[in-house]
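# Descriptive analysis of the structure
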Amino acid sequence: MKQTIQTIAIIAIMMLSNFTVNAQADVLTHVRANGYYVGWDGSGAAPGSLDITNKFSTQPVKFFLGSTPTLYMTLNPTGNLSIGNTNNSYKLDVSGDITVGSTDKFMISGNPVLWHGGNPGLIFVGVNAGASNSSGGVSNTAVGNSALYSNVSGDYNTAMGYEALKACTTNYNTAMGCSTLYSNVSAEYNTAVGSFALYTNTTAGGNTAIGHKALYSNAAGGTSNTAIGLNALFANSSGVANVATGYEALYSNETGTSNVALGVWALKLNSDGSYNVG
């Protein structure tokens, strides 16, 4: 019964259309009912503020609206706030949809972890993922810490994994795995799947690397290569149009072009020879 009276009292207080104002100090005068204060309670709140104070430390403060009062929000004594429910299990517990501004971000410890850069075609998930996107950049997806970090206006990129495509500023690249295509700056049409695949690639385009450290050393000149397998075409720097399938296939190739290597260690020691099949 006591709690019912308290609840009715706070409903009545919240429905007041005006508060009495102290004409000399221009301070809201408190209204008190059964241990609840609405307004300045005179015990330290800054003059001019509006406080709701519950003197019953074990009871929540409840907010009702409507001609037939409906509970919309509950604040419990530990500071947990629930909206649309009474769970009070977390600092904020919401039942219903939540919307934010088009460029607003969900932050953890001051770092953005979820946002879409003001464009519905973008999605960035992870600390500093897509952090530099500011002047366009459409249809980009970045998932992972610092994925697509440097991209400002590049389009149609997909980066999934820690620092995947971190340096990228251009278009049409796909990177999946830890630090895949990490150094890629301006190259386009690269696909890298596997940790550190195409790691050092900066400007060479049209490469496909699948496997841990596949085409790891590829730099500016190595275009149109395909490497499938752990360390396949690992040392390639400027070789063009090579195909390596298998563990460490064409591992040592640096400048050789148009080679085809199929199988474990196939053409592993080839460094600069071209047009070989093994």
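Preceding this paragraph is the structure being described.
Now for a description of the structure that goes with this document. Positions within a chain are numbered from 1, following the residues in the order the chain's sequence is written. A pLDDT threshold of at least 70 governs which residues receive local features in this predicted model, and a stricter bar of 80 or more applies before side-chain atom pairs are shown or counted, although totals over entire chains, interfaces and linings include all residues. The side-chain figures draw on all heavy atoms in the structure; neither hydrogens nor water molecules are used.

### What to know about the layout of surface pockets
Think of a 1 Å grid over the protein atoms and nothing else: a 1.4 Å probe that fits but is trapped marks a cavity, an open set flanked by protein within 12 Å on at least five of seven lines marks a pocket, and residues with an atom within 4 Å of a point count as lining. Grid points are joined across faces, edges and corners, and a volume is the space filled by probe spheres set on the points. Its volume calculated, the largest pocket comes out at about 220 Å³. Residue lining of the largest pocket: Ile98, Thr99, Val100, Gly101, Ser102, Asp104, Lys105, Phe106, Leu114, Trp115 and His116, and that is the complete set.

### Quick notes on the pairing of strand β11 (residues 111-115)
If DSSP finds at least two bridges between two strands, the strands pair. Starting at the N terminus, helices and strands are each numbered in turn, a helix being any DSSP run of H or I of at least four residues and a strand any DSSP run of E of at least two. The pairing of strand β10 (residues 106-108) with β11 spans three bridges and is antiparallel. Each residue of the ladder has a partner; that of Phe106, found in β11, is Leu114. Note: β11 against strand β12 (residues 123-125), two bridges, orientation antiparallel. If you follow Leu114 over to β12, its bridge partner there is Val125.

### Some thoughts on the side chain of Thr170
Inspection of the secondary structure puts Thr170 in the loop between β14 (158-160) and β15 (174-176). Buried, partly exposed and exposed residues are distinguished by accessible area as a fraction of the type maximum, computed with a 1.4 Å probe on protein chains only: under 20%, between the cut-offs, and over 50%, respectively. Residue Thr170 is classed as buried on the basis of its relative accessible area of 9%. N or O atoms closer than or at 3.5 Å make up a polar contact, with two conditions inside protein: a donor-capable atom paired with an acceptor-capable one, and, for residues adjacent in sequence, both atoms drawn from side chains. Polar contacts involving the side chain of Thr170 include one to the side chain of Glu188, which spans 2.8 Å. Contacts between residues were defined by any pair of non-hydrogen atoms, one from each residue, lying within 4.5 Å. Residues contacting Thr170, with those up to four places away along its chain left out, are Asn151, Gly154, Asp155, Asn157, Asn184, Val185, Ser186, Ala187 and Glu188.

### Here we look at a nonpolar patch on the surface
Residues Phe106, Ile108, Leu114, Ile123, Val125, Val143, Met160, Met176, Val193, Ile210 and Ile228 make up a contiguous nonpolar surface patch of about 830 Å² in total accessible area. Elements represented by at least two residues in the nonpolar patch include exactly β10 and β12. Considering the arrangement of structural elements, one finds Val143 in strand β13 (residues 141-143). Distance thresholds for patches are 9 Å for like charges and 5 Å for nonpolar side chains (Val, Leu, Ile, Met, Phe, Trp, Tyr), applied to residues having over 30% relative accessible area and no salt bridge. All accessible-area figures derive from a Shrake-Rupley calculation using a 1.4 Å probe, and residue coverage is judged against the displayed protein chains alone. Salt bridges are defined by distance alone: a side-chain nitrogen of Lys or Arg within 4 Å of a carboxyl oxygen of Asp or Glu.

### Examining the sheet that holds β15
Taken in spatial order, the eleven strands make up an open sheet running β10-β11-β12-β13-β14-β15-β16-β17-β18-β19-β20, and their pairing is mixed. Strand pairing shows two members of the sheet lacking a second neighbour, β10 and β20 (260-262), which therefore form its edges. Across the sheet, the axes of successive neighbouring strands diverge by a mean angle of 15°, strand direction being ignored. Here the axes come from fitting lines to C-alpha atoms, over the contacting stretch only for helices, and the angles between their N-to-C directions go from 0 to 180 degrees.

### Observations regarding the packing of aromatic side chains
Side-chain rings of Phe, Tyr and Trp (the six-membered ring for Trp) are treated as a pair once their centres are within 6.5 Å; stacked means planes under 30 degrees apart, edge-to-face means over 60, and tilted covers the remaining angles. Counted by the stated rule, this structure contains nine aromatic pairs. Between the aromatic rings of Trp115 and Phe124, the centroid separation amounts to 5.2 Å while the plane-to-plane angle is 50°, which identifies the pairing as tilted. Both residues of the pair, Trp115 and Phe124, belong to the buried class. Seen from their ring centres, Tyr182 and Tyr199 are 5.0 Å apart, and the 10° between their planes marks the pair as stacked. With Tyr182 in the loop between β15 and β16 (191-193) and Tyr199 in the loop between β16 and β17 (208-210), this residue pair connects regions lying 17 residues apart in the sequence.

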